[in-house]
Amino acid sequence: MSNLSCGIVGLPNVGKSTLFNALTKQMIAANNFPFCTIDPNVGIVDVPDSRLGELARVSKTQKIIPATVSFVDIAGLVKGASKGEGLGNQFLTNIRETDLIVQVVRCFDDDNVVHVSGKIDPLDDIEVINLELILADLQMAEKILVKLEKNAKSQKEKPLALPLLQKVIEQLNNNCTIRTLDLTDEEKLILKQYNFLTSKPIIYCANVSEDDLPSMENDYVKKVYEFAKKENAQVIPISAKLEEELASLSDEEATEYLSSLDLKEKGLDRLIKTSFATLGLRTFYTSGEKETRAWTISAGALAPEAAGKIHTDIQKGFIRAEVISYKDFITLGGRTQAKDAGKARLEGKNYTVCDDDVILFYHN
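Residues numbered from 1 in each chain as written. Predicted model: local features only at pLDDT ≥ 70, side-chain atom pairs only at ≥ 80, totals over all residues. Heavy atoms only, no water.

### Brief notes about the pairing of strand E6 (residues 202-207)
Part 1: Most of E6 is tucked away: 6 of the 6 residues are buried.
Part 2: Looking at chain direction, strand E5 (residues 100-106) and E6 are connected through 6 bridges and run parallel. Note on E6: the bridge partner recorded for Val-104 is Cys-205.
Part 3: Both E6 and strand E7 (residues 234-238) contribute to a ladder of 5 bridges, which runs parallel. Residue Cys-205 lies in a different strand from E7, and its bridge partner there is Ile-236.
Part 4: Handedness of the crossover is the feature at issue here: the chain leaves E6, passes through helix H7 (residues 219-231), returns alongside E7, and the resulting connection is right-handed. (Buried < 20%, exposed > 50% of the residue type's maximum accessible area, 1.4 Å probe, protein only. Helix = DSSP H or I, 4+ residues; strand = E, 2+ residues; numbered from the N terminus. Pairing = 2+ DSSP bridges. Right-handed = clockwise from strand over helix to strand, strands pointing away.)

### Observations regarding helix H6 (residues 185-192)
Part 1: Along H6, the residues classified as buried are Glu-187, Ile-190 and Leu-191. Around the axis of H6, the buried residues are gathered within 95° of arc, so they sit on the same side. Pointing more than 90 degrees away from the buried face of H6 are the exposed residues Asp-185, Glu-186, Leu-189 and Lys-192. (Arc of directions from axis to C-beta.)

### A few points about the packing of aromatic side chains
Part 1: Applying the stated criterion to the full structure yields 5 aromatic pairs.
Part 2: On the numbers, 6.5 Å between centres and 15° between planes, the contact of Phe-284 with Trp-295 is stacked. Remark: Trp-295 occurs in strand E9 (residues 292-298) and Phe-284 occurs in strand E8 (residues 281-287); sequence separation between them is 11 residues.
Part 3: With a relative accessible area of 10%, Trp-295 lands in the buried category.
Part 4: Pairing Phe-284 with Phe-361 gives two aromatic rings, centres 6.0 Å apart and planes at 90°, and the pair type is edge-to-face. One end of the pair, Phe-284, is in strand E8; the other, Phe-361, is in strand E12 (residues 357-363), and 77 residues separate them in sequence.
Part 5: Here Phe-284 falls in the buried class, since its relative accessible area comes to 0%.
Part 6: Judged by its relative accessible area of 10%, Phe-361 falls in the buried class.
Part 7: Here a set of aromatic residues connected by ring pairs shows up, and it is made of Phe-284, Trp-295, Phe-318 and Phe-361. (Phe/Tyr/Trp six-rings, centres within 6.5 Å; stacked < 30°, edge-to-face > 60°.)

### A short note on a negative patch on the surface
Part 1: A surface patch of like charges, here negative, comprises Asp-251, Glu-252, Glu-253 and Glu-256.
Part 2: Tracing the backbone through its elements, the reader meets Glu-256 in helix H9 (residues 251-260). (Patch = residues over 30% accessible without salt bridge, like charges linked within 9 Å, V, L, I, M, F, W, Y side chains within 5 Å. Areas by Shrake-Rupley, 256 points an atom, 1.4 Å probe, with all protein chains shown as cover. Salt bridge = Lys/Arg side-chain N within 4 Å of Asp/Glu carboxyl O. Lys, Arg positive; Asp, Glu negative; His and termini not counted. Charge placed at Lys NZ, Arg CZ, Asp CG, Glu CD.)

### Here we look at the sheet that holds strand E1 (residues 5-9)
Part 1: Reading across from one edge, E2-E4-E1-E5-E6-E7 is the order of the 6 strands in this open sheet, with mixed pairing throughout. In the strand order of this sheet, the two ends are held by strand E2 (41-46) and E7, each with one partner. Put simply, the sheet's adjacent strands are angled 25° from each other on average, direction ignored. (Axes fitted to C-alpha atoms, helices over the stretch in contact; angles between N-to-C directions.)

This is the structure in structure tokens:
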């Protein structure tokens, strides 16, 4: 398991719980009033990956285990959450515990679903949430700065975090998120220890109505794209209602239904894959008769670290890794054939694992 989680946030009644139901097929009641989600619901979701089926076919595998990512359905935020409005502090804590924010933005008109501010304006919705997170970060940054300045008086060298915190506070005072701040790698590393809300990567999930299929485009969505561009953030348009319907169907029925709507894949599959990649996660594979499995690693992980995902003993006793690319494994018909064709490489401790590696680890 990746142990990294994506927090689904948004104003009340934008489609968060509907989306979460579809993601996890857990069918939590999505009620048409604010604060119907109080304790965050957590769902562990399989990462869609067509390569697993192909590997399993070639290896004649009995069992397939996909990579996973966690999604947390966090209650609807409201204006004033940073001051404790609604169930503010609790929600902000829940967001702080996640690694990535998925902000669901309402991009549909429906008189039957009340909007907390009485009008449909995705940019206003984004601003309300971002502002609450900015204000919460500002409070925290100012407290940290006071503490650092106090400690700096008794130290010969000024702590490196001091000018950085001043830069962060200036950014937040301009109503800008920390993630849009231009930082060096060293600064990013210092900042990581404070776990600021607006330094987390974000994906904007534009929730459209079924009338906007198959293009998932409308004037609201265009506005979200324009805004996200400034933050260098991804936008995934989705119809939460359609996804909830698809979740109740078998795989074959869902594929047929998507095809009838002229859609190639579920919006949720795009959201899961984008979340996985935005978290900086990658997969490598092991494949044999017993099981074919996708293992989760961070981008840039070395071979021993990847081995440790399978078992700590394999990491400790790591000798080498026998690596075959997914393409060669499939084209040549498995590990033995790939080895015979000279397509299996032996890699040592300094090998950076790639996203489509099929690996066999040798260890003491």
